[in-house]
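Chain and residue survey
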Amino acid sequence: MEDLRMGSPDTVQKHNEIQCTIDNVKGQQKMVLEKLHHQQICLEQELGMGFLATITPNEDSQKVHVEGGIPEEAYDLECSDFDLKVSVLQEFILMDEKFRERLKYLEEEHSKILKLGRNGGWSDDDHYVFTVIYEQYPHEMKNRRKMIIDRLQRHLPKKLRADLVSHEEWCDSNKYFRERKKALMVAWQKGRSALYHKAESIFTEAEMAAQLDEVKAEYNRKQRQVREVLHEKIRNFREQQMEALIIQHKMESEKLQAVRERLKMEAELETKKRAHEKEQVAKFHEEIEKKQQKQAEKDQKRYDELQAQLAEQAIFDQERIKYRAEQLDAKIEERKYLEEEKKQAEIEKEERLEALREQVRVVAESDPHRILQQTEAWQNRYAENEDDIDIQKPLFNVIGFTSKQITSDPRMKLEARLRDAGLHNTDYARQIMSKVPPPQPPRRDMESTVFKKNLNNT
């Protein structure tokens with residue numbers, strides 16, 4: 001700085017070079033900002049026209065414009081009856097006034113949301129984020145509102161929950177207002193179009209009636225009746241339009257009331273749900289603590305009891321071990337004594353048996369051929385049977401019935417006759433066979449009682 005103040009040539013030259021560089025950088029920065037601003041304007045124009053305008057419509061593009069007053073096409077319609085034409089054209093003005101009153105009443109009804117501006121007091125970016133997130137969740141999704149609020153709080157951390165809820169209500173009311181306004185404008189446009197076509201048909205009829213009146217004067221009375229009918233049609237049409245507007249207004253009011261009640265009910269349900277969940281969690285923790293405390297006391301008590309029982313059991317087990325050892329020694333001594341007595345008894349028994357064997361032992365000569373000879377008893381029996389043999393006697397004893405006995409049974413004869421006649425498998429044959437008695441009555445001990453027991457049980 002002292003060299004620059006003193007006017008040193010090198011310092012002045014360096015200062016000038018630095019100043020030139022700064023000026024160049026500022027000029028380049030200004031050019032870049034102008035270029036970016038120009039590109040921004042171009043992009044905004046592209047978004048507002050052509051194909052992009054169809055996929056990103058704004059509120060202004062969705063407005064339905066209606067030109068008030070009497071249309072020029074209605075002025076050009078020909079009608080020989082001036083009064084009729086004036087009264088019909090006056091209907092356009094009356095319709096415009098009614099719809100304007102209706103539109104004014106609608107704007108007054110929604111004046112609160114209109115005062116907040118285009119985005120409800122929010123910036124364009126925040127409102128765009130809110131709208132995009134809100135439309136991503138369908139209405140039939142479970143816990144839809146809770147999920148939307150949670151996501152909005154993540155994307156818009158600077159906004160409070162109350163602001164989000166308030167903006168949500170503003171969006172619903174604004175959407176409802178736009179739909180009602182659009183429906184009103186469409187109804188206005190349709191009403192003007194319908195009135196124009198009605199006026200055109202009326203004027204055509206009136207012109208035809210006038211021509212007929214010129215041709216035939218005697219039809220004047222009928223023409224007056226026709227005009228009265230036409231006036232009545234116009235009045236009926238106007239009454240129908242008014243009735244339709246009243247019904248539409250009533251339906252829209254009911255729809256708005258239903259939407260408000262639904263939102264209020266959802267908010268109340270959510271509040272009750274949260275309070276109930278908090279209460280259940282607190283009760284759950286309290287019950288767990290009580291159970292843990294009771295279980296700890298119970299375990300400590302049981303532990304003390306087990307320690308006492310184990311100490312007593314240890315003393316008792318020592319005594320039992322000592323007693324069992326004494327009993328085992330006594331049993332071993334007793335078993336040894338019994339085994340010695342048993343051996344001595346066996347020796348004495350063997351000695352007595354040997355003495356008895358010596359007393360009864362038979363002394364005979366050896367004869368091996370006697371084993372192959374017949375005994376005396378067999379010889380005596382064989383000699384008796386040879387004298388009593390009957391050659392005509394049947395080989396086996398017959399215990400059944402002979403063929404003569406079977407054929408002499410009347411049941412057998414009856415069955416053979418029925419078989420020859422081809423009736424042995426009929427119900428008639430069964431009934432007859434059951435009624436024929438046997439040659440001899442059966443014994444009582446041979447009668448079966450199985451079927452009688454079954455019949456009694458049933």
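Described in the following lines is the structure provided in the data block. The model shown is predicted, which means the values in this text are computed figures rather than measured ones. One numbering rule holds for all chains: residues counted from 1, following each sequence as written. Reporting of local features is limited, given that this is a predicted model, to residues whose pLDDT is at least 70; pairs of side-chain atoms are given and counted only at 80 or more, and all residues count toward the totals for whole chains, interfaces and linings. Side-chain measures here rest on the full set of heavy atoms in the structure, leaving out hydrogens and waters.

When you go through the protein residue by residue, the secondary structure sums to 15 helices and zero strands. Buried, partly exposed and exposed residues are distinguished by accessible area as a fraction of the type maximum, computed with a 1.4 Å probe on protein chains only: under 20%, between the cut-offs, and over 50%, respectively. Buried residues in the protein amount to 15% of all 458 residues. Of the contacts made within the protein by residues no fewer than 6 positions apart, 71% connect residues no fewer than 24 positions apart. Put simply, DSSP marks the helices as runs of H or I at least four residues long and the strands as runs of E at least two long, and each gets a number from the N terminus on. Any pair of residues with heavy atoms lying within 4.5 Å of one another is described as a contacting pair.

In a helix, the anticipated span is given by 1.5 Å times the number of residues less one. Taking 1.5 Å of rise per residue, twelve residues should cover 16 Å, and helix 7 (residues 124-135) covers 16 Å from first to last C-alpha, within 8% of that figure. Residues of helix 7 that are buried: His127, Phe130, Ile133 and Tyr134. The buried residues of helix 7 occupy an angular sector of 135° when projected down its axis, which confines them to one face. Seen from the buried face of helix 7, the exposed residues on the opposite side, beyond 90 degrees, are Asp124, Asp125, Tyr128 and Glu135. Arc definition: directions from the helix axis to the C-beta atoms.

For the rest of this paragraph, the subject is the nonpolar core. Judged by nonpolar contacts, the single largest core of 20 residues is most densely connected at Leu84, Val88, Met95, Phe99, Ile202 and Phe203. Contributing elements (two or more residues each) for this core: helix 5 (82-109), helix 9 (161-215) and helix 10 (220-360). A per-element tally of this core places helix 9 first, with nine residues. Excluding anything up to four places from it in sequence, Phe99 contacts Leu184, Ala187, Trp188 and Leu245. Counting residues in hydrophobic clusters, the runner-up holds twelve residues, among them Trp122, Ile149, Leu152 and Leu164. What we call a nonpolar core is a set of buried Ala, Val, Leu, Ile, Met, Phe, Trp, Tyr and Cys residues that are connected through their side-chain atoms within 4.5 Å.

To continue, consider the pattern of salt bridges. For salt bridges, the criterion is a side-chain nitrogen of Lys or Arg within 4 Å of an Asp or Glu carboxyl oxygen. Across all of its chains, the model carries eleven salt bridges by this definition. Close ionic contact of Arg262 with Glu266 constitutes a salt bridge, the shortest N to O distance being 3.4 Å. Of this pair, Arg262 and Glu266 both sit in helix 10, four residues apart, roughly one helical turn. What makes Arg262 partly exposed here is its relative accessible area of 39%. Through salt bridges with shared partners, one network takes in Glu350, Glu354 and Arg357.

With that settled, consider the environment of His127. Following the sequence through the fold, His127 ends up in helix 7. With 40 residues separating them along the chain, His127 and His167 place their C-alpha atoms 8.9 Å apart. When residues no more than four places from it in sequence are discounted, the contact partners of His127 are Asn119, Trp122, His167, Trp170 and Cys171.

Let us look at the side chain of Asp409. Note that Asp409 resides in the loop between helix 12 (403-407) and helix 13 (410-421). A relative accessible area of 14% places Asp409 in the buried class.

So, on to the packing of helix 13 against helix 14 (residues 427-435). When two helices pack together, you describe them by how their axes are tilted relative to each other and by the distance separating the axes. As a packed pair, helix 13 and helix 14 sit with axes 10 Å apart at the nearest point and diverge in direction by 170°. Put simply, helix 13 runs roughly antiparallel to helix 14. The element helix 13 and its partner helix 14 pack so that their crossing is right-handed. Across the interface between the two elements, Arg411, Leu414, Glu415 and Leu418 from helix 13 touch Ala429, Ile432 and Met433 from helix 14. Throughout this entry, Asp, Glu, Lys and Arg are counted as charged residues, while Ala, Val, Leu, Ile, Met, Phe, Trp, Tyr, Cys and Pro are counted as nonpolar. The remaining residues, Gly among them, count as polar. Classifying every residue of the contact of helix 13 with helix 14 gives five nonpolar, no polar and two charged. Axis geometry follows a simple rule: fit a line to the C-alpha atoms, using only the stretch in contact for helices, then measure angles between N-to-C directions, giving values from 0 to 180 degrees. Roughly parallel refers to an angle under 35 degrees, roughly antiparallel to one over 145, roughly perpendicular to one between 65 and 115, and oblique to any angle outside these ranges. Each crossing is labelled by how the near helix is turned from the far one, with a counterclockwise turn of less than a right angle marking it left-handed and a clockwise turn marking it right-handed.

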